[in-house]
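Residues per chain are reported as follows:
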Amino acid sequence: MESNEILSLLAEHYKLKGSLIPLAGELDLNYKLTIDNETAFIVKISRDPETISSIAFQEALLRHLKEKEIEGEVPQLIPNLSGTYQKEVFLNGKKAILRVLQWVEGRLWSQTNPILSDLRYGLGNHLGNIAQNLQDFKHPFAQRSFEWNLSECLWVEQHLGLFTATELELVTPFITAFKTHQETYNQLPKSIIHNDANDHNIVVSQALIQPKIIGIIDYGDACYSQTINDLAVACTYGIMDTEDPLAASLPIVKGYHQANELSETAVSHLYHLIGMRLVISLTKAAINKKSHPENKYLLVSEKPAWALLHKWRKINSKRAYYSFRKACGFKAHPNLAKFEQWGKANTFSLKTLFPSQKKQDTLHLDLSVSSLWIENEAAFNDLTYFQYKIERLQEANPHKIIAGGYLEPRPLYTSEDYDIQSNEGPISRCVHLGVDFWLPSKTPVHALLDGRVVMALDRKGEKEYGGFVVLEHQIDAMHFYTLYGHLDPESIAAHKVGDALKKDSLIGLLGNKENNGNWAPHLHFQILLDLLDYTEDFPGVQTYQEQDLWADLCPDPNLLFKSEELKPKLKPTTEDIMPFRKKHLGKSLSIQYQEPLQVVRGYGAYLIDQNGQKYLDTVNNVAHVGHEHPSVVKAGQQQMAVLNTNTRYLHPNLNKAAKAIIDTLPKGLEVVHFVNSGSEANELALRMAYTVTGGKEVIASEHGYHGNTNGTIGVSSYKFNGKGGQGKPKDTHLIPMPDAFRGKYRGENTGSLYAQEVHKTIASIQEQQKTLAGFIIEPIISCGGQVPLPNNFLALAYKAVRAAGGLCISDEVQTGCGRMGTHFWGFELYGVSPDIVTIGKPLGNGHPVAAVVCTQEVAQKFANGMEFFNTFGGNPVSCAIASETLNVVKKEKLQENANQVGSYLIQALKTLQKDFPILKDIRGHGLFIGIELLSDQQNPLALETSYLANRMKDLGILMSTDGPDHNVLKIKPPMVFSFSQADRLLHGLRRVLKEDFLSVPKTL
Ligand SMILES: Cc1ncc(COP(=O)(O)O)c(C=O)c1O
């Protein structure tokens, strides 16, 4: 009824005809008017006197912005037939104002997922641009008194009675802070601002990947206020529901500042203003709740605001201030330049710090993630060994103090204990903010300059500072602090906060591992420009993401010592590595990910990049028992130190490794040939088949991959039918991939149908009077997309092959060594035993060792007089490594782990599938799992699969994709993959699957 009336008003005053859809609106009646399914307008009917009085102001503002031709959309008013932008009309007999505005095409911020830094930057930038262009706009209405105007926010004080005691604890500090800073705040530049960049007013482009800000709508709350308030409002909504709201706010601030420069003073108010905007919203909500107790929606909608206030309150306001400064391109600390100048002009000797030491020169000790000196986790956590190495280094360099560590990303702190939750998953606090001086315990540490004790205590506990002192120093108008960690607590017990300490006086003695957090003796020396309200601690490491901020707050101690050795040692960046690799390494080497990863360290199921960023690895089944497993590494190192030669000599390692393999295999498979790679293993297996049978014809599956040598490429349709492939060799015979999900035959009981294909192939080979050499297949076809073989297929296929005189080769390069969970070898899933088994990737846990195991009969026939010599295959080092890898599988019960964690993961993925139907098939065994992504029409979703893998990498989880249609996510992590790591993977998948690019219905 109302719509009809409005339609006739639109026809009368605007000559516009179309259809209306009602939209949400707080005070106005809002509609979308669509004409001929194309052009759209927004129709606003205002009946509220307050809104009506603001219409002329909004109209003038929009026209002003139009004249400025700013980038992005500003919804323009459409003139009516009388040439004005508003019309007084009667609707249902009541006076109202009718306006028509241009429709801003796009979707709302509130409907956009994910919201990433680029979009937040865009929001800040767009808003800054508007603010910049409103600088010269004046209007009397803008001066009205308005509860949403932050500069008038103290009205909330009258309503504090609506809050509980706990709520008040969150609210009052922001009110107090606002009052404390009101004087300077009142002097901040003012202008007319939008004042309501909330998530329902920000229009974002429809692009599902890297969307852009299209415009900001609804100028109903525009008012004259401190310009920075606009940014505070945008930040408040732009960081809602984030894990780390401060980090989320920084791109908004950066984008804004680049469009509309903020003063350092203005930035100093931002933290409190964001808090205060939340307080206004929550007070409004509390008032509404009281007047509409029946409205449950009000309760739900205030929840995120409370959650944010809770988080925001926990953030140190100074830290936020310094972060905002940094985001704007200022030095994070206002005194940094002064400190640097002072540092340049004054040099301090290490003799002052350590007067008992004759030496002054330093020797840099690299403890960075890529440091080889530090060795692996087991080595650096073995303090006696670590200490021993330090002492050896000291002995070898008697005239030098071993030191280093400023801004060094260290693996020492990449354990989960040092993780914090970022907006993109857990990240490690691993960048070291001080310099460490490695000297014996009891070494006296003296004051470099006059100071006052601000902290002196024993920070007890594992990996803590132990005896800990912070001194404050006053130099002219500037003060800063020096921090001393890892002292003997007894030696500092006499210091009291407030004590003056003269230059050269004793601060304390270096502690030992028993009293300094279980570290080898050293001094952690750090400079601080601010205590950030810490009174009993101060962080010595921070995240790589915040490194630039902390570098400004904790300047380089070498500014004082000026040692050449302590200057930052730059490690190659990704940009340094790429050009050489591109020019001088094989052009067909591929690199994973749109932004390549430089990986320099691994442990367990983690890979770590050069900056100490840890990635949960669900891809590398080569690191079978965990990356750089200490006992496998040790086995290799020890043997390598003693002997490495070829198999023409006797060595027990060869027998031991062969026996360890044979012990895991069914009876009959008992002769081992060692080689160096999976390709070589399959190449040899094929050669055995040719020699034993006298035939040349090999049956393989479509989409199979068996290696990179000429022979193995010849049986790998994944390669010869893929990009750059030469097509199928004439003696290779392909059967359709036995894929019961989406292959030639689908559903249960298709094993015999696929086996029929083997029969047919054999018949055709025989028709041509040719001899079958063998049949090669993986038990779960990996490159084909983790495709398990249908029941009974392998038994029937093997029977047919053997009946035709051929040999059966099971390629266990991916699937072997316990990964299947229920069985040690993949073929065992199907109750068969092959004639030849090829083993690769997992056997050496990353070291190149592979093997071919066959029956006595095959081995006998293969030994036809031609020697099998392999320079590297079966050497004592590789064999030591292979034996230890298999030993670890047993000792650490990793097959059981694969079974338990794998079953859990498959079950949980099936649950996830119910919520996200694009996950069409979940399949696999143990820790060898595939997830196939298809549209409702069963079409492969390659782009979506690649999107998932790339976004998971952003969340710190590595995944790979495969399958003929590139639409299968593969999960094949190191076998130490734990339940909690599985949970993290599931959590990440659920998060990304909700993102727009994946959740928009796929009906292709
Ligand atoms: C099933 C299978 N066989 C053989 C190979 C070849 O092994 P390598 O790369 O060690 O030569 C691979 C490698 O990915 C494989 O997946």
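Conventions and cut-offs
Residues numbered from 1 in each chain as written. Predicted model: local features only at pLDDT ≥ 70, side-chain atom pairs only at ≥ 80, totals over all residues. Heavy atoms only, no water. 1 Å grid on protein atoms, 1.4 Å probe; cavity = no way out; pocket = protein on both sides within 12 Å on 5 of 7 lines; lining within 4 Å. Points joined across faces, edges and corners; volume = space filled by probe spheres on them. Nonpolar A, V, L, I, M, F, W, Y, C, P; charged D, E, K, R; others polar. Buried < 20%, exposed > 50% of the residue type's maximum accessible area, 1.4 Å probe, protein only. Helix = DSSP H or I, 4+ residues; strand = E, 2+ residues; numbered from the N terminus. Pairing = 2+ DSSP bridges. Near = heavy atom within 4 Å. Polar contact = N/O pair within 3.5 Å; in protein donor to acceptor, adjacent residues only side chain to side chain. Areas by Shrake-Rupley, 256 points an atom, 1.4 Å probe, with all protein chains shown as cover. Phe/Tyr/Trp six-rings, centres within 6.5 Å; stacked < 30°, edge-to-face > 60°. Lys NZ or Arg CZ within 6 Å of the ring centre and 35° of its normal. Patch = residues over 30% accessible without salt bridge, like charges linked within 9 Å, V, L, I, M, F, W, Y side chains within 5 Å. Salt bridge = Lys/Arg side-chain N within 4 Å of Asp/Glu carboxyl O. Lys, Arg positive; Asp, Glu negative; His and termini not counted. Charge placed at Lys NZ, Arg CZ, Asp CG, Glu CD. Contact = heavy atoms within 4.5 Å. Expected span 1.5 Å × (residues − 1).

*Asks:* Even after reading the chapter, I still don't get empty space enclosed by the protein, so can you show me in this structure?
*Replies:* One simple way to see leftover space: roll a probe sized like a water molecule over the atoms. This model, assessed by the stated rule, comprises 3 cavities of 30 Å³ or more. Roughly 60 Å³ of internal volume is contained in the largest cavity. In terms of lining, the largest cavity is formed by F380, N381, L383, F386, L412, W438, K463, W519 and A520. Of the residues in the lining of the largest cavity, the class split is 7 nonpolar, 1 polar and 1 charged. When its volume is computed, the second largest cavity comes out at roughly 50 Å³. In terms of residue class, the lining of the second largest cavity is made up of 3 nonpolar, 3 polar and no charged.

*Asks:* How should the pairing of strand β30 (residues 772-777) be read in this particular structure?
*Replies:* Successive side chains on a regular strand alternate, one facing one side of the sheet and the next facing the other. With respect to burial, β30 is a largely interior element, 6 of its 6 residues being buried. One ladder, built from 4 bridges, connects β30 with strand β33 (residues 807-811); its direction is parallel. Residue pairing in the sheet places I776 in a bridge with I809 of β33.

*Asks:* Can you help me understand the site of the ligand in this one?
*Replies:* Within the structure, the ligand sits among S677, G678, S679, N682, Y705, H706, G707, E778, D811, V813, Q814 and K841. Within the side chain of D811, a nitrogen or oxygen atom sits 2.8 Å from a nitrogen atom of the ligand. For the ligand, whose free accessible area comes to 390 Å², the fraction covered by protein is 84%. Broken down by element, the shell around the ligand gets its largest block of residues, 3 residues, from helix α20 (residues 678-693). In terms of residue class, the shell around the ligand is made up of 2 nonpolar, 7 polar and 3 charged.

*Asks:* Looking at this structure, I do not really get the packing of aromatic side chains. What am I missing?
*Replies:* Two aromatic rings are characterised by how far apart their centres lie and by the angle between their planes. Applying the stated criterion across every chain, the model contains 29 aromatic pairs. A centroid spacing of 5.1 Å and a plane angle of 65° characterise the contact between F178 and Y185, whose relative ring orientation is edge-to-face. A single burial state applies to F178 and to Y185, both of which are buried. Relative to F480, the ring of F339 lies with its centre 4.9 Å away and its plane at 70°, an arrangement referred to as edge-to-face. Here the residue F339 occupies a position in helix α11 (residues 336-345), and F480 occupies one in strand β19 (residues 478-487), the gap between them amounting to 141 residues. By the burial criterion, F339 is buried, and F480 matches it. Sitting over the ring of F869, R648 keeps its end group 3.8 Å from the ring centre. Positioned above the aromatic ring of Y690 is the side chain of K696, whose terminal nitrogen or guanidinium carbon lies 3.9 Å from the ring centre.

*Asks:* How should the sheet that holds strand β24 (residues 599-603) be read in this particular structure?
*Replies:* Within a beta sheet, neighbouring strands are joined by backbone hydrogen bonds and run either parallel or antiparallel to one another. In spatial order, the strands read β24-β25-β26-β38; together these 4 strands make up an open sheet with mixed pairing. Strand pairing shows two members of the sheet lacking a second neighbour, β24 and β38 (957-958), which therefore form its edges. Alignment of β24 against strand β25 (residues 606-609), held across 4 bridges, turns out to be antiparallel. Each residue of the ladder has a partner; that of R601, found in β25, is I608.

*Asks:* Would you explain a positive patch on the surface in this entry?
*Replies:* Residues K696, K728, K730 and K770 make up a contiguous surface patch of positive charge. Position of K730 relative to the elements: it lies in the loop between α22 (717-720) and β29 (732-735). Residue K730 is classed as exposed on the basis of its relative accessible area of 68%.

*Asks:* Help me understand the side chain of N653 in this model?
*Replies:* Mapped onto the elements, N653 comes out in helix α19 (residues 652-662). Accessibility expressed as a relative area gives 14% for N653, which makes it buried. A polar contact of 3.3 Å, which involves the side chain of N653, links it to the side chain of Q639. There is a polar contact of 2.9 Å between the side chain of N653 and the backbone oxygen of P876. In contact with N653, not counting residues within four places along its chain, are Q639, P876, C879, A880 and S883.

*Asks:* Where do I start with helix α27 (residues 894-915) in this structure?
*Replies:* At 3.6 residues per turn, the α-helix brings residues three or four places apart onto the same side. Counted at 1.5 Å a residue, the expected span for α27 with its 22 residues is 32 Å, and the 31 Å between its end C-alpha atoms agrees. When α27 is considered as a whole, its buried residues turn out to be L894, Q895, N897, A898, V901, G902, L905, I906, A908, L909 and L912. Those residues of α27 hidden inside the fold are in contact with α26 (876-891), β36 (919-925), β37 (928-933), β40 (968-971) and α29 (979-993).

*Asks:* Looking at this model, I keep getting lost on a nonpolar patch on the surface. Mind explaining?
*Replies:* Where nonpolar side chains cluster on the molecular surface, the patch consists of F580, L585 and L589 and spans about 300 Å² of accessible area. Assessed through its relative accessible area of 39%, L585 is described here as partly exposed.

*Asks:* What is the right way to look at the pairing of β25 in this model?
*Replies:* Along β25, one buried face is formed by Y606 and I608 and the opposite face, lined by L607 and D609, is buried too. Between β24 and β25, which pair antiparallel in sequence order, lie 2 residues; one of them, G604, sits at a positive phi of approximately 55°. The pairing of β25 with strand β26 (residues 614-617) spans 3 bridges and is classified as antiparallel. Across the sheet, Y606 pairs through a bridge with L616, a residue of β26. Where β25 folds back on β26, the antiparallel hairpin that results is connected by 4 residues, among which G612 adopts a positive phi of roughly 85°.

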